[in-house]
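Coordinate analysis (summary)
Single-letter residue listing:
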Amino acid sequence: MTIDQAALIAAAREASTRAYAPYSGFHVGAALAFADGSVATGANVENASYGLALCAETSAVAQVMNAGVRGGLLAVAVIGGTPGEDGAATPGAAPVTPCGRCRQVLNELAQLGGTDPVIWCVGERSVLELRLSALLPHAFGPANLG
Ligand code: THU
C-alpha cells in the first residue's frame, strides 16, 4: 500500500495547531498512517511540571492503542516549530526527528504488527525519510519478552 506523503504531512501540520505548548512554544504534530487506510494524529501536550510533557508522537500512539489498534503502522509524519499565522508549526531548517522515548513508543506498535514504518521528518525545505529501524536500531521490544 502506498501512503500519500503530502497528505500525511498535511495531517501532521493540522494536528500541530492543537498543540498545548505554552512553556516551550515549540508546537509539534504527528500523523500515523495504517494499512487499513486510516490516519491518526496527535500534538504535544505540555505541563506546568515541565518534565511531564507528552510528545506528539506518543500522544498519537496512545490514542490509537486506546482505540484497540495493535499493528498496521506503515508511516509517520512529524512536523515541529513555532506556530505561524494559521497556528500550525513552521519547521526550521533541521527536520524534527522523534525523540528517543517516542522512537521506543513507536517501536512497540510497529513490532506488534510486524512493520517497519517510514518516518517522514519535516524541515523547512526538505523531508528527511528514515525507517524506524534506522532511528532505533537493535530495538528492545515485545519480541524480547517472549
Ligand atoms: N516534542 C515532540 O512532541 N516530539 C518530539 O519528537 C520532540 C519534542 C515536544 C516536546 C515538548 O513539548 C516540545 O516538543 C519541546 O521539546
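As a starting point, this report considers the structure included with it. Predicted model, so just to flag it, every value in this text is computed and none were measured.

Definitions and cut-offs
Residues numbered from 1 in each chain as written. Predicted model: local features only at pLDDT ≥ 70, side-chain atom pairs only at ≥ 80, totals over all residues. Heavy atoms only, no water. Helix = DSSP H or I, 4+ residues; strand = E, 2+ residues; numbered from the N terminus. Expected span 1.5 Å × (residues − 1). Buried < 20%, exposed > 50% of the residue type's maximum accessible area, 1.4 Å probe, protein only. Arc of directions from axis to C-beta. Contact = heavy atoms within 4.5 Å. Polar contact = N/O pair within 3.5 Å; in protein donor to acceptor, adjacent residues only side chain to side chain. Near = heavy atom within 4 Å. Areas by Shrake-Rupley, 256 points an atom, 1.4 Å probe, with all protein chains shown as cover. 1 Å grid on protein atoms, 1.4 Å probe; cavity = no way out; pocket = protein on both sides within 12 Å on 5 of 7 lines; lining within 4 Å. Sits in = over half its atoms within 2 Å of the grid points. Nonpolar A, V, L, I, M, F, W, Y, C, P; charged D, E, K, R; others polar. Salt bridge = Lys/Arg side-chain N within 4 Å of Asp/Glu carboxyl O.

Concerning helix α1 (residues 5–16)
Spanning 12 residues, α1 covers 17 Å between terminal C-alpha atoms, matching the ideal 16 Å at 1.5 Å per step. Taken together, the buried positions of α1 are occupied by Leu8, Ile9, Ala11, Ala12, Ala15 and Ser16. Buried residues of α1, viewed axially, fall in a sector of 155°; they line one side. In the core, the buried residues of α1 are packed alongside β1 (27–34), β2 (39–43), β3 (73–83), β4 (89–90), β5 (118–122) and β6 (127–131). At the N-terminal end of α1, a side-chain oxygen is found 3.1 Å from the backbone nitrogen of Ala6, two or three residues along, and the residue is Asp4.

Considering helix α3 (residues 100–113)
With 14 residues, α3 should cover 20 Å at 1.5 Å per step; its first-to-last C-alpha distance of 20 Å lies within 8% of that length. Along α3, the positions that sit buried rather than exposed are Cys102, Arg103, Leu106, Asn107, Leu109 and Ala110.

As for the site of the ligand
The immediate surroundings of the ligand are formed by Ser24, Phe26, Val28, Asn44, Glu46, Cys55, Ala56, Glu57, Thr97, Pro98 and Cys99. Interatomic distance of 2.9 Å between a side-chain N/O atom of Asn44 and an oxygen atom of the ligand. Here the ligand has 380 Å² of accessible area as a free molecule, and 79% of this is covered by the chains. Taking a 2 Å distance to the grid points as the criterion, the majority of the atoms of the ligand fall inside the largest pocket. Looking at side-chain class alone, the shell around the ligand contains 6 nonpolar, 3 polar and 2 charged residues.

A look at the pattern of salt bridges
Across all of its chains, the model carries 2 salt bridges by this definition. Between Asp86 and Arg13 there is a salt bridge, and its shortest N-O distance comes to 2.9 Å. With Asp86 in the loop between β3 and β4 and Arg13 in helix α1, this residue pair connects regions lying 73 residues apart in the sequence. On the basis of relative accessible area, Asp86 is assigned to the partly exposed category, the value being 48%. Between Glu14 and Arg18 there is a salt bridge, with its nearest N and O atoms 3.1 Å apart. The class of Arg18 is partly exposed, set by a relative accessible area of 48%.

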